[in-house]
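Below are the chains, spelled out letter by letter.
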Amino acid sequence: MAGVVRAAGEEFRVTPEGWTGTRDRSWGVRPVPGEEGGGLAAEHPTEGFHWIWCPVRFADRFLMVIVQEDADGYRTLNDATLVSPGHRDRQLGWPQAEITYRPGTRHPERALIHLGDPRKPQELEVEILTSSPLALGAGYPPADDWQHGTWRGRGWTDRRTYDLTEPHPLAAYGVTDHAARFRLDGQVGHGIFEHGSFGRHDPSGFTGFDSVAR
């Protein structure tokens, strides 16, 4: 990975020695905007969906945590893998997250993820630094301007500007990427705490789509 990232008038050099990337292979069959009747969603109704996707880079290791749960807490996707150069990958069991939300919202302010390594149980501390809702500009549902998979015609280009300091109703109903600082086993790392919690989620105490943290 090498190149240049330009943002807000600043230039950041990307080098293999200092930057790490992870590829999201989560794409599969998803509803396409304009689909007649919303067939897929109609055949698979849900009372709730809870999601964590968390890649973290430390100085000498990389951690990946993924959790996906239904309304009753039934886990449909689970991963906690520690990757260290020169060593075999370590599976850290069944991660359990304690998320502290901003009162009146489902916006996480911090979290503690318990990692179930049977040899040495560990805790991953999560400190949220800044947030980017994927329903605004990234093509994720329930975006109301454009979404992935929508045919716009050959050669189509577009540009949108969003003021993320202003409240936007869609931001509360889509997955959000939270840039975060992490602490694990005495080390400090950085990465993404991607999170979305919609509808009922019994382990979190959310009773429906209008339920928020107290």
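The sections below set out a description of the structure shown in this document. Note that the structure is a prediction, hence the values are computed from the model and not measured.

**A closer look at the packing of aromatic side chains**
Thinking step 1. Across all of its chains, the model carries three aromatic pairs by this definition.
Thinking step 2. On the basis of an interplanar angle of 65° and a centroid distance of 5.3 Å, the ring pair of Tyr-101 and Phe-206 is categorised as edge-to-face. Linking Tyr-101 in strand β7 (residues 96-101) with Phe-206 in the segment after β11 (187-199), this pair joins segments that are 105 residues apart in sequence.
Thinking step 3. According to the relative accessible area criterion, Tyr-101 is buried, its value standing at 9%.
Thinking step 4. The exposure class of Phe-206 is buried, given its relative accessible area of 3%.
Thinking step 5. Here the aromatic cluster, defined as three or more aromatic residues joined through ring pairs, consists of Phe-49, Trp-51 and Phe-198.
Thinking step 6. We note Arg-106 situated over the ring of Phe-206; from NZ or CZ to the ring centre the distance is 3.9 Å.

**Section: the pattern of salt bridges**
Thinking step 1. Applying the stated rule across the entire model yields 10 salt bridges.
Thinking step 2. Of the charged contacts in the structure, one is a salt bridge between Arg-102 and Glu-109, with a shortest N-O distance of 3.6 Å.
Thinking step 3. By relative accessible area, Glu-109 is classed as partly exposed at 33%.
Thinking step 4. Note that Glu-127 and Arg-181 form a salt bridge whose closest N and O atoms lie 3.0 Å from each other. Of this pair, Glu-127 sits in strand β9 (residues 122-133) while Arg-181 sits in strand β10 (residues 176-184), and the two are 54 residues apart along the sequence.
Thinking step 5. Residue classification places Glu-127 among the partly exposed residues on the basis of a relative accessible area of 30%.
Thinking step 6. For Arg-181, a relative accessible area of 25% corresponds to the partly exposed category.

**Notes on the environment of Ala-143**
Thinking step 1. Relative to the helices and strands, Ala-143 resides in the loop between β9 and β10.
Thinking step 2. Note on Ala-143: relative accessible area 8%, which makes it buried.
Thinking step 3. Note: C-alpha distance between Ala-143 and Tyr-173 (30 residues apart in sequence) is 9.3 Å.

**Regarding the layout of surface pockets**
Thinking step 1. The space that makes up the second largest pocket amounts to roughly 650 Å³.
Thinking step 2. For the second largest pocket, the lining is made up of 28 residues, of which His-107, His-168, Ala-171, Ala-172 and Thr-176 are closest to its centre.
Thinking step 3. Its residues assigned to classes, the lining of the second largest pocket comprises 11 nonpolar, 13 polar and four charged.

**Here's the deal with the sheet that holds strand β5 (residues 75-83)**
Thinking step 1. Taken together, nine strands build an open sheet; the order of strands is β6-β5-β4-β3-β11-β10-β9-β8-β7 and the sheet is antiparallel. This sheet does not close on itself; its edge strands, each paired only once, are β6 (90-91) and β7.
Thinking step 2. In terms of strand pairing, strand β8 (residues 108-115) meets β9 through six bridges, oriented antiparallel. Looking at the pairing, Arg-110 lines up with Glu-127 of β9.

Scoring rules and cut-offs
- Residues numbered from 1 in each chain as written.
- Predicted model: local features only at pLDDT ≥ 70, side-chain atom pairs only at ≥ 80, totals over all residues.
- Heavy atoms only, no water.
- Phe/Tyr/Trp six-rings, centres within 6.5 Å; stacked < 30°, edge-to-face > 60°.
- Helix = DSSP H or I, 4+ residues; strand = E, 2+ residues; numbered from the N terminus.
- Buried < 20%, exposed > 50% of the residue type's maximum accessible area, 1.4 Å probe, protein only.
- Lys NZ or Arg CZ within 6 Å of the ring centre and 35° of its normal.
- Salt bridge = Lys/Arg side-chain N within 4 Å of Asp/Glu carboxyl O.
- 1 Å grid on protein atoms, 1.4 Å probe; cavity = no way out; pocket = protein on both sides within 12 Å on 5 of 7 lines; lining within 4 Å.
- Points joined across faces, edges and corners; volume = space filled by probe spheres on them.
- Nonpolar A, V, L, I, M, F, W, Y, C, P; charged D, E, K, R; others polar.
- Pairing = 2+ DSSP bridges.

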